[in-house]
Structures are given as structure tokens and as C-alpha cells.
Amino acid sequence: MQPVLLERDLELDALRRALSRAQEGEGGLVAVEGPAGIGKTRLLRAGQALAEEHGLLVLAARGGELETEFPNGVVRQLVERPLMACTPEERAAALVGPAGQAAAALGIAGSGDTEESGEPEDRAFAVLHGLYWLVANLAATRPVLVCVDDVHWADPPSLRFLVYLARRLEGLGVLMLVTARSGEQGADPQLLHELLADPAAQMVSPRPLSPEAARELLGKLLDDAVDAPFAAACHEVTSGNPFLLRQLADAVRADGVAPKAMGADRVRALGPRTVARSILLRLGHQSEAAARFARALAVLGLEASLREAASLAGLSPAEAARAADDLRVIDVLDAGPDPAFVHPIVRRAIYADIPQAERGAMHAAAARVLLADGALPREVAPHLLSADPAGDPEVAATLRKAAERAVHEGAPAIAVRFLERALDEPPPDEDRADLLYELGRANLVAGDTTAAARVLQQSVRCTMDPATRAQRHVPLARALAAAESASAAIEALESGIELAEKIDRDLALRLEAELSAIGVLRDTFSQGLGKRLERFADLEGATAAECLVLANLARHAALNGRPSTEAADLARRALGDGLLLRDEGAESIPLHHALFVLLLCDEMDVARATLASAFADAHSEGSVFGVGVCSLTSAFIALRAGELLVAEAEGRAALAAFG
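Note that the structure is a prediction, hence the values are computed from the model and not measured.

Cut-off values and rules
- Residues numbered from 1 in each chain as written.
- Predicted model: local features only at pLDDT ≥ 70, side-chain atom pairs only at ≥ 80, totals over all residues.
- Heavy atoms only, no water.
- Helix = DSSP H or I, 4+ residues; strand = E, 2+ residues; numbered from the N terminus.
- Buried < 20%, exposed > 50% of the residue type's maximum accessible area, 1.4 Å probe, protein only.
- Contact = heavy atoms within 4.5 Å.
- Areas by Shrake-Rupley, 256 points an atom, 1.4 Å probe, with all protein chains shown as cover.
- Lys, Arg positive; Asp, Glu negative; His and termini not counted.
- Charge placed at Lys NZ, Arg CZ, Asp CG, Glu CD.
- Core = buried A, V, L, I, M, F, W, Y, C linked by side-chain atoms within 4.5 Å.
- Phe/Tyr/Trp six-rings, centres within 6.5 Å; stacked < 30°, edge-to-face > 60°.
- Lys NZ or Arg CZ within 6 Å of the ring centre and 35° of its normal.
- 1 Å grid on protein atoms, 1.4 Å probe; cavity = no way out; pocket = protein on both sides within 12 Å on 5 of 7 lines; lining within 4 Å.
- Points joined across faces, edges and corners; volume = space filled by probe spheres on them.
- Nonpolar A, V, L, I, M, F, W, Y, C, P; charged D, E, K, R; others polar.
- Pairing = 2+ DSSP bridges.
- Axes fitted to C-alpha atoms, helices over the stretch in contact; angles between N-to-C directions.
- Patch = residues over 30% accessible without salt bridge, like charges linked within 9 Å, V, L, I, M, F, W, Y side chains within 5 Å.
- Salt bridge = Lys/Arg side-chain N within 4 Å of Asp/Glu carboxyl O.
- Expected span 1.5 Å × (residues − 1).

Caption draft 1: Geometry of the overall build of the chain. Check the secondary structure of the chain and you find 36 helices and five strands. The dimensions of the chain, computed from C-alpha atoms along their principal axes, are 100 × 60 × 45 Å. By the burial criterion, 54% of the 659 residues in the chain qualify as buried. Sequence separation of 24 or more characterises 69% of the internal contacts of the chain that already satisfy a separation of 6 or more. Only carbon and sulfur atoms are counted for the fraction: they give 52% of the accessible area of the chain, which is about 28,800 Å². Across the chain, the centroid of the 65 positively charged side chains sits 4 Å from that of the 94 negatively charged ones.

Caption draft 2: Seen up close, the nonpolar core. Core analysis: the largest hydrophobic core is formed by 66 residues, its most contacted members being Leu511 and Leu598. Contact partners of Leu511, with chain neighbours within four places excluded, come to Ala470, His473, Val474, Leu493, Gly496, Ile497 and Ala500.

Caption draft 3: Examining the packing of aromatic side chains more closely. Following the criterion strictly, the structure yields three aromatic pairs and no others. Taken together, a centroid distance of 5.4 Å and an interplanar angle of 75 degrees make the contact between Tyr132 and Trp133 edge-to-face. A residue is classified by how much of its surface remains accessible, and Trp133, at 34% relative accessible area, is partly exposed. Between Tyr132 and Tyr164, the aromatic rings sit 6.3 Å apart at their centres with planes inclined by 80 degrees, giving edge-to-face as the arrangement. Here Tyr132, found in helix α6 (residues 120-139), pairs with Tyr164, found in helix α7 (residues 156-166); they are 32 residues apart in sequence, far enough to count as distant. On the basis of relative accessibility, which here comes to 8%, the residue Tyr164 falls in the buried class. Each residue in the set Tyr132, Trp133 and Tyr164 is aromatic and connected to the rest through ring pairs, giving one cluster. Lying over the aromatic face of Tyr437, Arg472 brings its terminal NZ or CZ to 4.4 Å of the ring centre.

Caption draft 4: Expanded view of empty space enclosed by the protein. All told, the structure shown has two cavities of 30 Å³ or more when counted by the stated rule. In this structure, the second largest cavity encloses a volume near 60 Å³. Considering the residues around the second largest cavity, the lining is formed by Asn72, Ala124, Val127, Leu128, Pro157, Arg160, Glu409 and Gly410. Mapped onto the lining of the second largest cavity, the elements with two or more residues apiece are α6 and α7. If one sorts the elements of the lining of the second largest cavity by residue count, α6 sits on top with three residues. Grouping the amino acids of the lining of the second largest cavity by side-chain chemistry returns four nonpolar, two polar and two charged.

Caption draft 5: Inspection of the sheet that holds strand β5 (residues 201-204) at higher detail. Strand order in the open sheet formed by five strands is β2-β3-β4-β1-β5, and the pairing between neighbours is parallel. Of all strands in the sheet, those bounded by a partner on one side alone are β2 (57-62) and β5. Sheet twist, expressed as the mean angle between neighbouring strand axes with direction ignored, is 15 degrees. Contacts from helix α3 (residues 73-85) reach β2 and β3 (144-149) within the one sheet, and its direction differs from that of β2 by about 145 degrees.

Caption draft 6: A nonpolar patch on the surface, seen in detail. Together, Leu559, Phe596, Leu600, Leu632 and Phe636 make up a nonpolar patch on the protein surface, roughly 410 Å² of accessible area in all. Mapped onto the nonpolar patch, the elements with two or more residues apiece are α33 (589-600) and α35 (624-640). Looking at the element boundaries, Phe596 is found in helix α33. According to the relative accessible area criterion, Phe596 is partly exposed, its value standing at 30%.

Caption draft 7: Inspection of the environment of Leu217 at higher detail. Relative to the helices and strands, Leu217 is located in helix α9 (residues 211-222). The class of Leu217 is buried, set by a relative accessible area of 1%. Sequence-wise, Leu217 and Leu575 are 358 residues apart; in three dimensions their C-alpha atoms are separated by 74 Å.

Caption draft 8: View of helix α14 (residues 288-300). If you check α14, its first and last C-alpha atoms are 18 Å apart, about what 13 residues at 1.5 Å a residue would give, namely 18 Å. For α14, the complete set of buried residues consists of Ala290, Ala291, Phe293, Ala294, Ala296, Leu297, Ala298, Val299 and Leu300. Two residues or fewer after α14 comes Gly301, characterised by a positive phi angle close to 95 degrees.

Structure representation (C-alpha cells):
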């Protein structure tokens, strides 16, 4: 049945005006908000149809209650299919610049899983920035409609991108159209609030249908003339909610009640029956195969295929196809070719009716089905979160792979949940130290420094290999310092140095470099820092580790009254004829410490030449943080040279890069 839109002229006019502005190159955000069943999705689909009629490129996605733990799941829905539908030339144009790095990080556009580059701390912003440029590149060809149904159920990384994009729509031919359920908190209430409360957002709130419109809708649904008293009773018990009216019409039809005046009392008796009960009663009249198929589909979520649902339900493909047809007849599934519920309320009712223990077992079985079907760990992991621990090493391994990918894609908070669940499985004893380390790192990137410090301390204690244990003191110290425990951070690094000096000189030097960077946070330690660093004044910068120590030594010399010739010499050696940049990248803070020392010592030519190479490195790697910190250093150099307009421009570029 085609969507029936009654009393929605004002809402449709708002969509038409917003689409017209997008065609003129002025972006905007329209948010359709209202209670469940009020018709938000139908308005969104009407907006999609209008956009397609006017030649806009439509990027569409839908949030799902079970998909909130799938990192960037909504983003993938938005861009994967359009990119794959492009010609090679169109795809290359869309992925030029930072957009290509974002696509590679997400494994989209046929890029698959790629090697990681840059620090995890930088990836989340790089993905956001790259996705923005992907949309901007697409909009350079023709206006774009970005529409997300049930945005309250979008996964947090995707929601973060939508907030990021919404703030940058000025002068961009992009219209964002989202629907959100009133009062639904979603996976990240703060991000959802930021999106819907954006000053540029135009709120559209569909109202309940009037008694007259309810009567008209019932006539279409029941294919019969509807008496006024009957319609009034239906409007009374549903409060004019279109979805509830449809459900009530189904119940009336199933009970054989004619839409006449004498049926009004019967409608009022049906009214208190919840939608869930109505759905389950209809489902109860179907075959066991149909019921099993509906439960399997409810567990699998939005993107389930007929084959996957059949496998989970224990049905043959032919049996599953017949079950899907039966469910379409009773309006549990929609009329599309893929099995999909007509409304999230329907899926929720069926899912909630599955006993909790059975749900856990079904999610575990769903994970096995998906893995057998070639699904990636990140697609399977959300099901494992809902499955009970069973001591299966494969479960822990799958969750670890999914967590690694989540961190790489800028979703560390989701990675934390995957890794905590892997610990509960639990993993084999020999993997526990590594899993704890991965969890601690994910916590650190996610900003939970207290948890990161606690878990990393456990990892260090469990790690048997001396070199690995020494290396793990670095993130431990960073977590402790971030948790405002500089003394504990210094002690951790001193322990790591003592361990590393016996086995790996370069590792010991890297720990020394970290110690000198963190040690300035504690007065009693920083007072003796110069004397400690002077032990390394003869280093030549032959390795990246030596360069790191020399960069810190150069900074300390410049800021503590040493001769400029001495500080400049240390800074030049720290650069290591390009070694520090090649090994650490443009994001390296010690690299910029060395450049800062050179500009203080009026070694402008060396500083500018190295900075140009750093800019090139940052752009080639798609590192937003690298571009930002290079712009900041460039602003200092320009200011030192008296180039005030250049300094202002570079400072603004740095601010833009850091968001």
C-alpha cells in the first residue's frame, strides 16, 4: 500500500523550501521530531522522493536499536552504495584529498581493511574531517540530501559525524533531513541533543490527525464507508496517531467488526489492547515457521537478509520466503523485496516477547550465522555483546578484532565495550595481558584516564616479555599523567627505563624522552631535569629515539637560559636530517619543539624547510591533527618574522583544524 499523507501540507512545504535552498547552494538541517507512529518516516520518504524528482543525490540511512554498537554503521549506509554506484572517475573525484583517508579508515568504497596510520587519538577527528570532505566533494557535482531515519538510534561515531556536518553546512549544497522519536535518549543523549538543538536546525513536529482525517484514513485502510461515531471512537482510543490507527484497523478487520456506528463500543474495548499485544496476537495466528522467522529477524536487526534469517530460524530458503509472505499479509513486514518490519515498534514488540535467556542464545547463534556467511568481526560483535559468556576463545578473538577496527575508525568507546565483553568470556590465559593492554589503550583514547591507568597497570603486571613490559610503561604513564597523577607517571617511567636499559637502548631512550616530557609537570622532578638530560648531550641523532631525547633537551636548553648556539645545535641534531619527521610524522610534538627552538634562535630557513616537509607529510597522510599543529608552528614562525597577516591566517587554519 502506498503511503497516505493526510494533513501534512505544512510539513511538506517546509521540506520543499529546504530542498530549494540546497539547490541554490545553501545547506540546512530539517529535523522531524515526534512520538512513535506519528508519521516521521513517511515524511522522510516523501522528502526523499521530492529530492530525487529535483535531481539531488540522496544519501539515506536508518538507525536501529540493535545497531548502536556497530561503529559508523549509519555512515556506511549513507555512503557505501552511492560510492559503489559511481563510475571510477566519479569515485576518484569524491575521494580526493582527506575524503580518501576517511574512506580507507572505514574500509568503504572497496578499500577493505587498511593499514593503520597515525595515532589512535587523531583518527576520530580525521574520520570526521574526511567524511565531511566526502560529502562536500559529492555536493560539488550536484546538491545532496543526507537523510537519516530514527537518528536517535544512530551509533555514536555516526551521530558525531552528523553533528560535525550540521555545523558546516553554510555555503554547501547539502540538506540534512533526520527523524527522531520524542523522549528517546538513544546511544548518546548528549550528541543527539547537540544535533537537534543546532541553531540552524528547522524543527518539524507532525501533529496527530484530526477526527476528519482519521475517518478518511480508516476508509482507505478498511476499504469501506466509515460511520462518524465509529471513526470518533477510533480517534479517541488512538489520539489520532496514524500508526496506531493502522494497527487498530488491522485489529478491527481481524475481529470482523464493521466500521459502523454499532461497532464504536467494540472499538473502545479493543482500544486498551496495546499495539504489542495486537501484533503478537496476529503473529500467534500464523504458522510456527512464520513466528520463528519473525523472531529471527527481530534478533538480527535492520540489515538481515532472507538467507541469514532463514538460517537462524532453522528454515529452508523456500520456507523462509513463504513465512515472509505470510508476515507481509498481516502487516508485520513491509512490501519491499528484503525482509523488513513495517515499523520499529513492531520489531521491538516481537523482540521483547522473546525470553531473555533465549534472546542471549539467539544472539550467540546469530553471530555464528553471520561469521559463517562471511561477515566481518565488527558486524558480529554487537550480537556477542548480547550473548552470555561461554569461555569460547573464538568469541574473545572476534571481539578483539572488532575493537581494533573500532579504534581505527575513531570509535574507542565502542571498542571498550567489545574488549570488556571479551574479558568476561574470558580469553585464554596467554592472551589476557595483551587484551588488558588493548582495553587500557582504548580507554585512554576514549578519555577515561582513570580506567585506562587501572587496566594498563594490570597489563604491565601480567606481561611476561621484558621488552614489551617496558614499552607498556609509556601509555601507562600517559594515562597516569592525564589522571593528574604526575608522580605515579614518573615512577612508572623510571621503572620502565630501569627494565629497558638492560635489554634495548633505543627503547630506554624513548622512555627517557617521555619522562622528560611528563616530568615538567612535577616541580621537584623538573628542577633536576636539566642535569638528567645533559647526560644525552653528545647524542648524534642517529636513531629516532635519540632524536626524541635531543628535541626535549633542545627545548629545555632554550627555555632555561642556555646559549642560543647550543640550543640551535641540539634542535638541528634532533631533526636528524629528516629522521624525526620520517619516523614520528608531522603530528610529533617533539618535532615541533625542535622547530620552536630554531625559530627562537632565528634559524628561520631550517625551520621553514622542515615545516614545509611536515605539511607535505600531514597532507599525504590525511592527518588533520598534523595539519593543525603544522599551522600552529607556521603561525609562530610568521609572527617571529613580523608577518602578521600570515600569522593570523595560519592561526585561523590551526583553529579550524582542531574544530
